[in-house]
Amino acid sequence: RQAGRNMLAFREIEPFLEAADAAGIRLRMTKGGRLALTVYDDPGQRPFWDIDLFIHPDDWPAASSLLENNGFRMVSGFAPDAGPAPGRPWAFSPYYKKDRIHLEFHGQPLGLAVDLRDREAFWNGSRTIPVGRTRAGILDDEFELCHLCLHAAQHSYSRLIWLLDISVLLER
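Everything in this summary refers to the structure shown in the same document.

Parameters at a glance
Residues numbered from 1 in each chain as written. Predicted model: local features only at pLDDT ≥ 70, side-chain atom pairs only at ≥ 80, totals over all residues. Heavy atoms only, no water. Helix = DSSP H or I, 4+ residues; strand = E, 2+ residues; numbered from the N terminus. Buried < 20%, exposed > 50% of the residue type's maximum accessible area, 1.4 Å probe, protein only. Areas by Shrake-Rupley, 256 points an atom, 1.4 Å probe, with all protein chains shown as cover. Salt bridge = Lys/Arg side-chain N within 4 Å of Asp/Glu carboxyl O. Axes fitted to C-alpha atoms, helices over the stretch in contact; angles between N-to-C directions. Left-handed = near helix turned anticlockwise from the far one by under 90°. Contact = heavy atoms within 4.5 Å. Nonpolar A, V, L, I, M, F, W, Y, C, P; charged D, E, K, R; others polar. Parallel < 35°, antiparallel > 145°, perpendicular 65-115°, else oblique.

Focus: the overall build of the chain
Secondary structure assignment for the chain yields 6 helices and 7 strands. When the helices and strands of the chain are listed from N to C terminus, the series reads α-β-α-β-α-β-β-β-α-β-β-α-α. The burial tally for the chain puts 45% of its 172 residues in the buried class. When the accessible surface of the chain is totalled, it reaches about 8900 Å², and 52% of it is carbon and sulfur.

Considerations on the pattern of salt bridges
Applying the stated criterion across every chain, the model contains 9 salt bridges. Between Arg-26 and Asp-59 there is a salt bridge whose closest N-O contact spans 2.8 Å. Note that Arg-26 is positioned in the loop between helix H1 (2–22) and strand E1 (27–30) and Asp-59 in the loop between strand E2 (51–55) and helix H3 (60–69), a separation of 33 residues in sequence. Using a relative accessible area of 11% as the deciding quantity, one classes Asp-59 as buried. For Arg-172, the salt bridge is made with Asp-41, and the minimal N-O distance between the two is 2.9 Å. Taken together, the positions of Arg-172 in the segment after helix H6 (160–171) and Asp-41 in the loop between helix H2 (31–38) and E2 put the pair 131 residues apart, joining distant regions of the chain. Residues Arg-172 and Asp-41 agree in their burial class; the two are exposed. By sharing partners, the salt bridges in this structure join Arg-34, Arg-127, Asp-141 and Glu-144 into a single network.

Comments concerning the packing of H1 against H3
Running from N to C, H1 and H3 point in directions that differ by 145°, and their axes come no closer than 10 Å. For the crossing formed where H1 meets H3, the hand is right-handed. For the pair H1 and H3, the contacting residues are Phe-16, Ala-19 and Ala-20 in the first and Ala-63, Leu-66 and Leu-67 in the second. When its residues are assigned to classes, the contact of H1 with H3 shows 6 nonpolar, no polar and no charged.

A few points about the packing of helix H5 (residues 141–154) against H6
Their axes nearest at 10 Å, the elements H5 and H6 cross at an angle of 160°. Judged on the interaxial angle alone, H6 and H5 are roughly antiparallel. Here H5 and H6 pass one another in a crossing that is left-handed. Between H5 and H6, the contacting residues are Asp-141, Glu-144, Leu-145, Leu-148, Cys-149, His-151 and Ala-152 on the first element and Trp-162, Asp-165, Ile-166, Leu-169 and Leu-170 on the second. Each residue belonging to the contact of H5 with H6 can be placed in one class, and the counts come to 8 nonpolar, 1 polar and 3 charged.

Set out below in structure tokens:
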């Protein structure tokens, strides 16, 4: 059942990923969806409720329009035309929904309301993975591991799956 749900989510996000790539929008899949495709033996082994995506802050205006044009609607976050203040870190993550798929966008690496020392290293340190008939960018494992550890700590290690994610990523 979980494998089917995950595959449906990946199939439903394909058009958005393709359109974002064609528009030059810098996205990086992270957390559950990324891990299901890269570190678990079977994508159905890693349940996830939403697909988390880092987005380069400079690309938010274009991504916001693209989401709307692809049938997504914002269910929480800031006004799509406003977005975060230029040059300022995001304090929260906007959620978008289309049918059964939920997307959570992160504009700030590691969920911190502070800027990175070297933002370009974060964005340039990535690769792509297949997602159905298209591809998605993902962070290098070192950045992903840091993000997973900080995310689990921010939520007081309240979900066992987050610790398993860290363990499975380290074993790879």
